[in-house]
Amino acid sequence: MHVFGLCKVPAEPGENQTMPVKKRVKKVSAKPGTGTRNLFEARQSSLAVRGKAKMLTTPWRDVTWTEEQRTSLMEKLSSYRPCSEGVTQARVLLLGPVGSGKSSFISSVQSVFNGRVTNQAMVGSSSTSFTKKLQSFNIRGEKEKGPTGLVLCDSMGLAAGETTGLALHDILSIIKGHAPEGHKFSPDQPVRSETAGYVKKPSLKDKIHCVVFVVDAVKIQSYPKGLSTTFQQLREHISDLGVHQVALLTHVDQVCSETAKDITKVYHSSVIQDTMTKAGSLLGMSTSYIVPVKNYSSELDVDVNTDILLLSAVDHILQYADLYFQDNTPQYTELGKLDY
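What counts and what doesn't
Residues numbered from 1 in each chain as written. Predicted model: local features only at pLDDT ≥ 70, side-chain atom pairs only at ≥ 80, totals over all residues. Heavy atoms only, no water. Pairing = 2+ DSSP bridges. Helix = DSSP H or I, 4+ residues; strand = E, 2+ residues; numbered from the N terminus. Axes fitted to C-alpha atoms, helices over the stretch in contact; angles between N-to-C directions. Contact = heavy atoms within 4.5 Å. Expected span 1.5 Å × (residues − 1). Buried < 20%, exposed > 50% of the residue type's maximum accessible area, 1.4 Å probe, protein only. Core = buried A, V, L, I, M, F, W, Y, C linked by side-chain atoms within 4.5 Å. Salt bridge = Lys/Arg side-chain N within 4 Å of Asp/Glu carboxyl O.

Visitor: Now, about the sheet that holds strand β1 (residues 90-95): what can you tell me, with residues and values included?
Guide: Here we have 6 strands laid out as an open sheet, ordered β2-β3-β1-β4-β5-β6, and mixed in their pairing. Whereas interior strands pair on both sides, the edge strands pair on one side only; in this sheet they are β2 (135-140) and β6 (290-292). With direction set aside, neighbouring strand axes in the sheet form an average angle of 25°. Together, β4 (210-216), β5 (245-250) and β6 form the strand contacts of helix α7 (residues 270-283), whose direction differs from that of β6 by roughly 140°.

Dropping the structure here:
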């Protein structure tokens with residue numbers, strides 16, 4: 001069973017069901033007192049070899065990697081306002097498995113505008129969801145410029161079991177604008193009209209205007225089999241509400257050693273291009289909706305090229321938020337519309 005308690009889908013005809021073949025593993029010997037370090041170095045070396053990729057001469061997407069481009073994107077996003085009367089901020093909901101990088105993405109985006117790495121959204125490292133409640137983060141522009149027109153909403157992670165992940169009913173309640181800010185999710189206490197703070201008649205500004213699925217490039221082949229069905233059925237429900245969806249592929253620097261050394265190589269990497277295709281299959285969406293990102297994690301200072309990749313992702317998200325406003329505003333106005 002997966003997160004929504006839907007029927008388990010049997011394996012498709014022709015699906016590989018061969019038994020795994022045992023492989024001989026060479027034992028790593030270590031000098032007394034240095035075993036842990038040697039094993040760690042051996043593992044890192046193995047990952048580095050696995051991440052080596054054919055680097056394409058021509059990038060499969062064009063990005064301008066300059067300080068001027070970062071400044072341009074920051075100004076564009078700082079001045080963004082939804083193109084809908086009465087709505088001052090686009091509300092974007094991030095959904096993804098536990099540990100996929102949702103909270104890290106929120107903190108990374110805010111770090112770009114702060115000019116230093118900060119953790120606005122609390123980030124966990126366990127196998128269970130660190131985020132338990134609905135939290136909305138107003139992304140603030142550069143110093144003294146106040147909030148942007150973007151709110152990133154974090155929630156409990158999707159999981160393989162009904163008792164540990166965010167339920168379908170609660171996800172739809174968030175998107176429809178019924179779930180109150182700060183609501184703590186619990187499988188045995190779904191959002192309902194009796195819930196404290198329940199929004200009975202949500203207006204356009206209370207609803208979610210774009211949904212972003214977040215998946216980890218490192219785990220793309222090891223996610224539970226039922227997760228793909230979960231994503232695709234969830235996408236159907238969200239589409240029925242008229243909400244556009246895009247996706248982030250996180251931790252791309254961890255699947256390609258060349259990209260780890262130089263993030264500007266991200267669109268030259270055949271490994272990342274292949275991983276994008278696999279993410280599209282997992283989510284049931286075209287790769288044109290998916291963008292790769294590198295979140296800040298151990299860094300203390302921001303980096304121009306990492307900033308550009310993050311800001312480009314936000315730019316991508318807001319294009320689809322604007323489509324929602326166009327679809328749901330009686331008289332669509334050009335006021336505040338991004339210049340795409």
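From this point, the discussion proceeds with the structure in view.
Visitor: Can you tell me about helix α5 (residues 226-240), naming the residues and giving the values?
Guide: Helix length check: α5, at 15 residues, gives a terminal C-alpha distance of 22 Å against a target of 21 Å (1.5 Å per residue), a fit within 8%. Within α5, burial applies to L227, S228, T229, T230, F231, L234, R235 and I238. Buried residues along α5 sit against β1, α4 (168-176), β4, β5 and α7.

Visitor: Before we move on, can you summarise the nonpolar core with the specific residues and values?
Guide: Formed by 82 residues in total, the largest nonpolar core has its most connected members in L95, F105, L152, V212, F213, V215 and L249. For this core, the leading source of residues is helix α8 (residues 304-328), giving 12 residues.

Visitor: Hey, could you go over the pattern of salt bridges for me, with residue numbers and the actual values?
Guide: Inspection of the entire model under this criterion finds 7 salt bridges. Note that D307 is salt-bridged to R70, the shortest N-O span being 2.6 Å. Here the residue D307 occupies a position in helix α8, and R70 occupies one in helix α2 (residues 67-78), the gap between them amounting to 237 residues. Across the pair, exposure class does not vary: D307 and R70 are buried alike. A salt bridge links D315 to K76, with the nearest nitrogen and oxygen atoms 3.5 Å apart. Separated by 239 residues along the polypeptide, D315 in helix α8 and K76 in helix α2 bring together distant segments of the chain. Classification of D315 as buried rests on a relative accessible area of 11%. Overall, the relative accessible area of 23% leaves K76 in the partly exposed class. Several salt bridges share partner residues, and in doing so they unite E67, R70 and D307 into one network.

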